[in-house]
Each structure stands twice: as C-alpha cells, then as structure tokens.
Amino acid sequence: MKKAIILDLDNTIYPVSSIAEDLFTKVLAFLDSLADELSADEISKAKEDMKRRPYQQVAAQYNFSEVAKSKGIELLKNLEYSLPMQPYEEYKYISDTTIVKFLVTTGFTKLQWSKIKQLSIEKDFKAIYIVDPEVSSDTKKDIFAMIMSTHSYKPSELLIIGDDPESEIKAATLLGIDTFLFDPENRYPNALVTYSSKKLKDAVPLFS
Ligand SMILES: [Mg+2]
C-alpha cells in the first residue's frame, strides 16, 4: 500500500508551454545573444530544451562559455513568474486524494517558489523541496532518500509522479521506488518506468 506520493512540478502539475512565452522573453533574448559562440541551429535547440531541462544541463550540453554560463545564471537567479497560472485540469484528481504528498522540483529557488504561489498548490503538500544546483549539490535522489528516512517510508510505500525519465523517474528507479511517467505526447514509449500514461489521472488508482 502506498503511504505517500512525490510529485514533480514542471510539466507534471502544469505545462511549461503555458508560461514559456512570458517567462522566457528575457531568457530567449539571452540565448539569442550567444550567436557568437553557438550556431543558429544550436540556439533554437537550446531554446526548446530550456522548457524541459534545468539551465545548467542545457548550458553544459551546448558548451556555453564560462562568461555566458554565469550571465544566464545571474538572469535566472532573479527571475520570478508573476502572472496567474493554472495546473493541468487533471491535477485536481490527484490533489483531491487524501494521501500524503511531497513536491520535489529542480530549478532556481525564487522562480520555482513564484510558480508554486501562482498555482496556489502549497496547501496540497506536506513538504516542498526545491533542488537548486546553485544552492546545493543535493539531487532529487538525495531528497527522495531523505524523505524516506525522515518518515520511515519503505520504497514500496512510495510512488513518484513525473514527466522526465532522466530526472525524477531515474532517481526513483535507483531507489527501488515505483514510478508513474506522465507522458501526454507519448515522447518516451521505451522509458524504464513502472507505469506510464498520457493521462495524469491514471496515477490515482495506483495510490488510493
Ligand atoms: Mg518536470
């Protein structure tokens, strides 16, 4: 029986595409400013990747210079989202359940908190953890392990719900925790997961 679930935020509780245009205006302008060091093709790929991956990973993947890397970090460190946001419609099926919930999300602390506030989801969670590579070297796997030891959960008593096979899904798998991959566009048909669905609400019967 599951005693708690751990959710990811970006592209799991709400679609990043819904805020990308407003949020990323400055970020996209910054990426465009890298035309000296990146090709047009790389810049457009980096822009897409920014919607799905932490900035530090994108910067590493496209070999940003040290100067560019820190310029981006300075920009993102101070960014907040201040417009109204809506969760995915099916998120309410999850928030309506009584199971204990944790939120574990990777990103810049200020930005992640501003999104949590705009989504009004703080009350849904027993605890919220922001994995911020600028603040700590802790990974999602470290946080999952800490939640397990703090609350004496066995791996079999937890379920991780997320959208990224390489992030929370991989971390949970390494710890022997069941995973639910929310994959609305069927991007990862071959991902190593316990459960996978295009519908977020398909996760509900797995823990309630
Ligand atoms: Mg995500």
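Definitions and limits used
- Residues numbered from 1 in each chain as written.
- Predicted model: local features only at pLDDT ≥ 70, side-chain atom pairs only at ≥ 80, totals over all residues.
- Heavy atoms only, no water.
- Helix = DSSP H or I, 4+ residues; strand = E, 2+ residues; numbered from the N terminus.
- Contact = heavy atoms within 4.5 Å.
- Buried < 20%, exposed > 50% of the residue type's maximum accessible area, 1.4 Å probe, protein only.
- Domains from an automatic or database assignment.
- Buried area = accessible area lost by both parts, 1.4 Å probe.
- Salt bridge = Lys/Arg side-chain N within 4 Å of Asp/Glu carboxyl O.
- Polar contact = N/O pair within 3.5 Å; in protein donor to acceptor, adjacent residues only side chain to side chain.
- Core = buried A, V, L, I, M, F, W, Y, C linked by side-chain atoms within 4.5 Å.
- Lys, Arg positive; Asp, Glu negative; His and termini not counted.
- Donors = N, O, S within 2.8 Å, 3.2 Å for Na, K, Ca; no water.
- Pairing = 2+ DSSP bridges.

## Re the environment of Ile-43
- Mapped onto the fold, Ile-43 is located in helix α2 (residues 40-49).
- Along the sequence, Ile-43 and Asp-32 sit 11 residues apart, while their C-alpha atoms lie 6.7 Å from each other.
- When residues no more than four places from it in sequence are discounted, the contact partners of Ile-43 are Leu-31, Asp-32, Leu-34, Ala-35 and Leu-38.

## Looking at the environment of Pro-165
- Assignment of secondary structure puts Pro-165 in the loop between β4 (158-162) and α8 (168-174).
- Judged by relative accessible area, Pro-165 falls into the buried class, the value being 13%.
- With 107 residues separating them along the chain, Pro-165 and Val-58 place their C-alpha atoms 16 Å apart.
- When residues no more than four places from it in sequence are discounted, the contact partners of Pro-165 are Lys-170, Leu-181, Tyr-188 and Ala-191.

## Quick notes on the domain arrangement of the protein
- Entries for the protein in the domain assignment read domain 1 (4-15 + 84-206) and domain 2 (17-77).
- The C-alpha-based centres of domain 1 and domain 2 are spaced at 24 Å.
- Of the residues lining the interface, 15 residues belong to domain 1; the matching set on domain 2 comes to 13 residues.
- For the pair domain 1 and domain 2, the summed buried area comes to about 1,200 Å², and 57% of that belongs to carbon and sulfur atoms.
- Ranking the residues of domain 1 by area buried against domain 2 places Pro-15, Phe-108 and Glu-134 at the top, with a combined share of 40%.
- Counting every contact that joins domain 1 to domain 2 gives 1 salt bridge.
- A salt bridge links Asp-164 to Arg-53; its shortest N-O distance comes to 3.0 Å.
- The interface formed by domain 1 and domain 2 includes 5 residue pairs in polar contact (both at pLDDT 80 or more).
- Take the side of domain 1 that touches domain 2: its biggest share by element is 3 residues, from helix α6 (residues 109-119).

## What about the nonpolar core?
- Ranked by internal contacts, the top residues of the largest apolar core, which has 49 residues, are Phe-64 and Ile-161.
- Per-element tally for this core: the top contributor is helix α1 (residues 17-32), with 7 residues.
- Shared between two domains, this core holds at least three residues of each, these being domain 1 (4-15 + 84-206) and domain 2 (17-77).
- Ignoring any residue separated from it by four or fewer positions in sequence, one finds Phe-64 in contact with Phe-30, Leu-31, Leu-34, Glu-37, Leu-38, Tyr-55, Val-58, Ala-59 and Lys-69.
- Among the nonpolar cores identified, the runner-up in size contains 17 residues, and Ile-6, Phe-102, Val-104 and Ala-171 belong to it.

## Here we look at the side chain of Asp-163
- On the secondary structure map, Asp-163 appears in the loop between β4 and α8.
- The charged side chain of Asp-163 is buried without a salt bridge, its nearest counter-charge being Lys-140 at 6.5 Å.
- Residue contacts for Asp-163: discarding those within four places in its chain leaves Asp-8, Asp-10, Asn-11, Thr-12, Glu-168, Leu-181, Phe-182 and Tyr-188.

## A short note on the coordination of the magnesium ion
- At the metal site, the magnesium ion is ligated by Asp-8 (OD), Asp-10 (O) and Asp-163 (OD), and these contacts range over 2.1 to 2.2 Å.
- In this structure Asp-8 comes out as buried when scored by relative accessible area, which is 5%.

## Details of the pairing of strand β1 (residues 4-7)
- Of the two faces of β1, the one carrying Ala-4 and Ile-6 and the one carrying Ile-5 and Leu-7 are both buried.
- In the sheet, β1 pairs with strand β2 (residues 100-106) via 4 bridges, with the strands oriented parallel. Looking at β2, one finds that Ile-6 is bridged to Phe-102.
- Where β1 lies against β4, 4 bridges are found, and the strand directions are parallel. By the bridge assignment, Ile-5 is partnered in β4 with Leu-159.

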